[in-house]
Amino acid sequence: MPLPTVLDDFLRRPNPAVIASLRPDGSPHTAATWYLWDGERALVNMDESRLRLEFVRRDPRVALTALDEDGWYRHVSLLGLVVEIVEDEGFGDIDRLSRHYSGQPFRNRESRRVSAWIEPRSWHAWDGAGPWPLPDEE
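Small disclaimer: the values here were computed from a predicted structure and weren't measured.

**Q** Explain the overall build of the protein here, please?
**A** For the protein, the count of helices and strands is three helices and eight strands. In the protein, the succession of helices and strands from N to C terminus is α-β-β-β-β-α-β-β-α-β-β. In terms of overall size, the protein behaves like a compact globule, its C-alpha atoms giving a radius of gyration of 15 Å where 138 residues would be expected to give roughly 14 Å. Here the C-alpha coordinates of the protein stretch approximately 45 × 40 × 25 Å along the principal axes. The long-range fraction of contacts in the protein, counting pairs at least 24 apart against all pairs at least 6 apart in sequence, stands at 69%. When the accessible surface of the protein is totalled, it reaches about 7,900 Å², and 49% of it is carbon and sulfur. Side-chain charges of the protein comprise 17 positive and 24 negative groups, with the mean position of each set lying 6 Å from the other.

So, in structure tokens, the structure goes:
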């Protein structure tokens, strides 16, 4: 699912983000998260004890909303599926995320980490009072 270039560029920045997953009763569960966009999928990482890990293992449907740090009315939301869940052996993925956001490796080396890859099925983008204006692309 290719995104317009301007949205792809936006998602590659270390934006504040929120991930939504589904509780067993179908109600939403949201949490602030770091993510890393590779142009096709988004990487997220969590402590193995997090509720959202249990939720996405049961139901892989998620939404990830990245917010513009300078104006939260500008955001991109990806709706999709967690297509891969793997143990983050050696903290490689969480270190990539931490460096992307803070410039430093992740500090907490005590807890086991788990990585999840999100494959978007659809998206929407908002800027202020309406849809994000997208330039015509060839």
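Once you've had a look at it, read on.
**Q** Could you clarify how one ought to interpret the pairing of strand S1 (residues 17–22) in this entry?
**A** It is a general feature of regular strands that their side chains alternate between the two faces of the sheet. Sheet topology places S1 next to strand S2 (residues 28–33); six bridges connect them, and they run antiparallel. Bridge pairing in S2 links Leu 22 to Pro 28. Adjacent in sequence and paired antiparallel, S1 and S2 are bridged by five residues, among which Gly 26 carries a positive phi angle near 90°. Pairing analysis gives four bridges linking S1 to strand S5 (residues 61–67), with the strands arranged antiparallel. Of the residues in S5, the one forming a bridge with Ala 17 is Ala 66.

**Q** I keep staring at unusual backbone geometry and nothing clicks. Help me out?
**A** Trans peptide bonds make up the majority, and among non-glycine residues the majority have a negative phi. The backbone of Phe 91 sits at a positive phi, close to 60°, despite the residue not being glycine. Residue class for Phe 91 comes out buried when judged on its relative accessible area of 17%.

**Q** Hey, could you run me through the nonpolar core in this one?
**A** One recurring pattern in soluble globular proteins: nonpolar side chains tend to sit buried together. The biggest cluster of nonpolar side chains holds 25 residues, and the ones touching the most others in it are Leu 11, Tyr 35 and Val 76. If you list the elements that add at least two residues to this core, you get helix H1 (5–11), S1, strand S4 (42–47), helix H2 (51–58), S5, strand S6 (74–87) and strand S7 (113–127). Element by element, the count of residues in this core is highest for S7, at four residues. Counting residues in hydrophobic clusters, the runner-up holds seven residues, among them Leu 36, Phe 91, Leu 97 and Trp 117.

Scoring rules and cut-offs
- Residues numbered from 1 in each chain as written.
- Predicted model: local features only at pLDDT ≥ 70, side-chain atom pairs only at ≥ 80, totals over all residues.
- Heavy atoms only, no water.
- Helix = DSSP H or I, 4+ residues; strand = E, 2+ residues; numbered from the N terminus.
- Rg over C-alpha atoms; globule rule 2.2 N^0.38 Å.
- Contact = heavy atoms within 4.5 Å.
- Areas by Shrake-Rupley, 256 points an atom, 1.4 Å probe, with all protein chains shown as cover.
- Lys, Arg positive; Asp, Glu negative; His and termini not counted.
- Charge placed at Lys NZ, Arg CZ, Asp CG, Glu CD.
- Pairing = 2+ DSSP bridges.
- Buried < 20%, exposed > 50% of the residue type's maximum accessible area, 1.4 Å probe, protein only.
- Core = buried A, V, L, I, M, F, W, Y, C linked by side-chain atoms within 4.5 Å.

It is worth stressing that arrangement in space is one thing and function is another; only the former is reported here.
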